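Remarks on the overall topology
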Amino acid sequence: MPAARAQQQAPAAPPAAAPQAAEIRIGLIYRPAPAPSSYDAQAAPEDEGLAGAKLAIQDNTTTGRFVRQSYALDAVALGTAAPGEPTPQSPVEAARGLAAKGLRFIVLALPADEVLAVADALKGSGVTLFNAAAPDDRLRGTDCRADVFHVAPSRAMQTDALAQFLAFMRWRKLFLITGPQDGDKLWAEAMKRSAKKFGLQVSAERPWTFGPLARARGDTPTRAEALVFTRGLDYDVAVVADEAGDFGDYVPFHTVDPRPVVGTQGLVPTTWHPTLEVWGAAQAQNRFRRLAGRLMRPLDYQVWAAVRAVGEAAFQKRTVDPAALAAAIADPAFSLPGYKGVALSFRPWDHQLRQPLLLVQPQALVAVAPEQGYLHQRTPLDTLGIDLPETQCKLTKS
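Residues numbered from 1 in each chain as written. Predicted model: local features only at pLDDT ≥ 70, side-chain atom pairs only at ≥ 80, totals over all residues. Heavy atoms only, no water.

**As for the state of the cysteines**
Spelled out, the test is: Cysteine sulfurs are considered disulfide-paired once they come within 2.5 Å of each other. A run of H or I in DSSP counts as a helix once it spans at least four residues, and a run of E counts as a strand once it spans at least two, with each numbered from the N terminus.
If you walk through the whole model with that rule in mind, you get one disulfide. Here cysteine 144 pairs with cysteine 393 through a disulfide, and the sulfurs are 2.1 Å apart. The sign of the 95° torsion about the S-S bond sets the cysteine 144-cysteine 393 disulfide as right-handed. A residue pair is termed long-range when its members are at least 10 positions apart, and cysteine 144 in the loop between strand E4 (128-131) and strand E5 (148-150) and cysteine 393 in the segment after strand E15 (364-369) qualify at 249 residues.

**A few points about the packing of helix H5 (residues 155-169) against helix H6 (residues 182-197)**
Geometrically, a packed helix pair is captured by the angle between its two axes and the distance between the axes. We count it as follows: Structural elements are reduced to axes, namely lines fitted to C-alpha atoms, with helices fitted over the stretch in contact, and the angle between N-to-C directions of any two is expressed from 0 to 180 degrees. Here roughly perpendicular refers to angles of 65 to 115 degrees, roughly parallel to angles under 35, roughly antiparallel to angles over 145, and oblique to all remaining angles. For any helix crossing, the convention is left-handed if the near helix is rotated counterclockwise from the far helix by under a right angle, and right-handed if that rotation is clockwise. Between two residues, a contact is recorded if the distance between any of their heavy atoms is within 4.5 Å.
It is the contact of H5 with H6, at a shortest axis distance of 8 Å, that shows an interaxial angle of 50°. Overall, the two elements H5 and H6 adopt an arrangement that is oblique. For the crossing formed where H5 meets H6, the hand is right-handed. Packed against H5, whose contacting residues are Arg155, Ala156, Gln158, Thr159, Asp160, Leu162 and Ala163, the element H6 presents Gly183, Leu186, Trp187, Ala190, Met191, Arg193, Ser194 and Lys197 at the interface.

**Some words on the sheet that holds strand E11 (residues 336-337)**
Counted only if it meets this: Two strands pair under a simple rule: DSSP has to find at least two bridges between them.
The three strands are arranged E11-E12-E13 in an open sheet whose pairing can be described as antiparallel. Each edge of the open sheet carries a strand with a single partner, namely E11 and strand E13 (353-354). The sheet contact formed by E11 and strand E12 (residues 343-346) spans two bridges and is antiparallel. Bridge pairing in E12 links proline 337 to alanine 343.

**Focus on the pattern of salt bridges**
Heads up, the rule is: A carboxyl oxygen of Asp or Glu within 4 Å of a side-chain nitrogen of Lys or Arg is what we treat as a salt bridge. Note on exposure labels: buried denotes an accessible area under 20% of the residue type's maximum, exposed denotes more than 50%, and partly exposed covers the range between, all computed with a 1.4 Å probe on protein chains only.
Across all of its chains, the model carries 24 salt bridges by this definition. A salt bridge links aspartate 136 to arginine 155, with the nearest nitrogen and oxygen atoms 3.4 Å apart. With a gap of 19 residues between them, aspartate 136 in the loop between E4 and E5 and arginine 155 in helix H5 connect regions that are remote in the sequence. With relative accessibility at 5%, the residue arginine 155 sits in the buried group. Residues participating in the shared-partner salt-bridge network are Arg347, Arg354, Arg378, Asp382 and Asp387.

**Digging into the nonpolar core**
Formally: Among the buried residues, those of types Ala, Val, Leu, Ile, Met, Phe, Trp, Tyr and Cys that are joined through side-chain atoms within 4.5 Å form a nonpolar core.
Ile26, Val107, Phe130 and Phe346 are the most contacted members of the largest nonpolar core, which has 46 residues in total. Sorting elements by how many residues they give to this core places helix H9 (residues 298-317) first, with 11 residues. Those residues in contact with phenylalanine 346 that sit more than four places away from it in its chain are Phe130, Phe149, His150, Val151, Ala309, Ile329, Phe334, His351, Gln352, Leu353 and Arg354.

**A closer look at helix H10 (residues 322-330)**
For clarity, the cut-off: Directions drawn from the helix axis to the C-beta atoms are what define this arc.
Of all the residues in H10, the buried ones are Leu325, Ala326, Ala328 and Ile329. Relative to the axis of H10, the buried residues are bounded by an arc of 160° and lie together on one face. Exposed positions of H10 whose direction lies more than 90 degrees from the buried face are Ala323 and Ala327.

This is the structure in structure tokens:
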């Protein structure tokens, strides 16, 4: 009896603790846009890209809680540092610092040369990188790296999207105006390739030599020269290659003959625009505005997509193992919902994200590429950019 009484009075065992959610930390390396020295209506916000990462972390956490996954962001703003911490001197140092903390996914909002420097410095470390900003075709070609995935569209994708629209409209004669910057010349070369691919003709080509008129305040004595620049040419549409934004916005309504302007200004190919409202994009636009207090920009979307790719792979595979997630992202069967009407995925031959591109003017969405009627044996999305038979990329794992 005493033994039975003791057994009845024994305290109940405490309930088992709930299992902790597995955490995935994702890094972001970016440079805050410098504040303009004077009023600039088009100035990039200081948190461009960073705000997109924050929204993606929220979205990943929302879906991840169903499979006990949590997410955190480690953002490094080059040129700035938290109190008491040294300022990162280079993207490579910043990336090595994040890798040393155990991060295995890092998003880079950096130019091409710095993307390559980081990729080569972290080779063999097990870190997967996402290029969210650099459009250079060489990163998907001769300078491709197996551990780098490209969310930013290549220049070839941008110009193919534009060329498809021009061919659809039967505006076949192009007047190509190329700026003096290296990026302008690369964009112009990509446009020539796209024109040939889609049966367009570059009937005239001129370099821009009038300076940054789009940034000038008020009228300038060179205005008449700019008008003469377009006289006597036979073309359907003017195509501007001005990635720096120095002159492209000046060209519309300053040509001698009334012609539409497309390219890096005018009608522009891009990944995101505030006027995109279909396919659930309006909800994403609203959530971003509540978070950041401003409209989402293309770089915000591209960083968002990179961070979401990690979260979507983890949700689909029910794992947080970095190697398994990298393999899942590279799998042709991987799909990322991206508010574009179709699932997005990475091309296995160069790790470029397949995605529709928006053709927009400042206040309206005009078209979405690929245009109807452009078919492909895999997906119409592969009509944009460098296809498998053309690629110079040879992916090799470190």
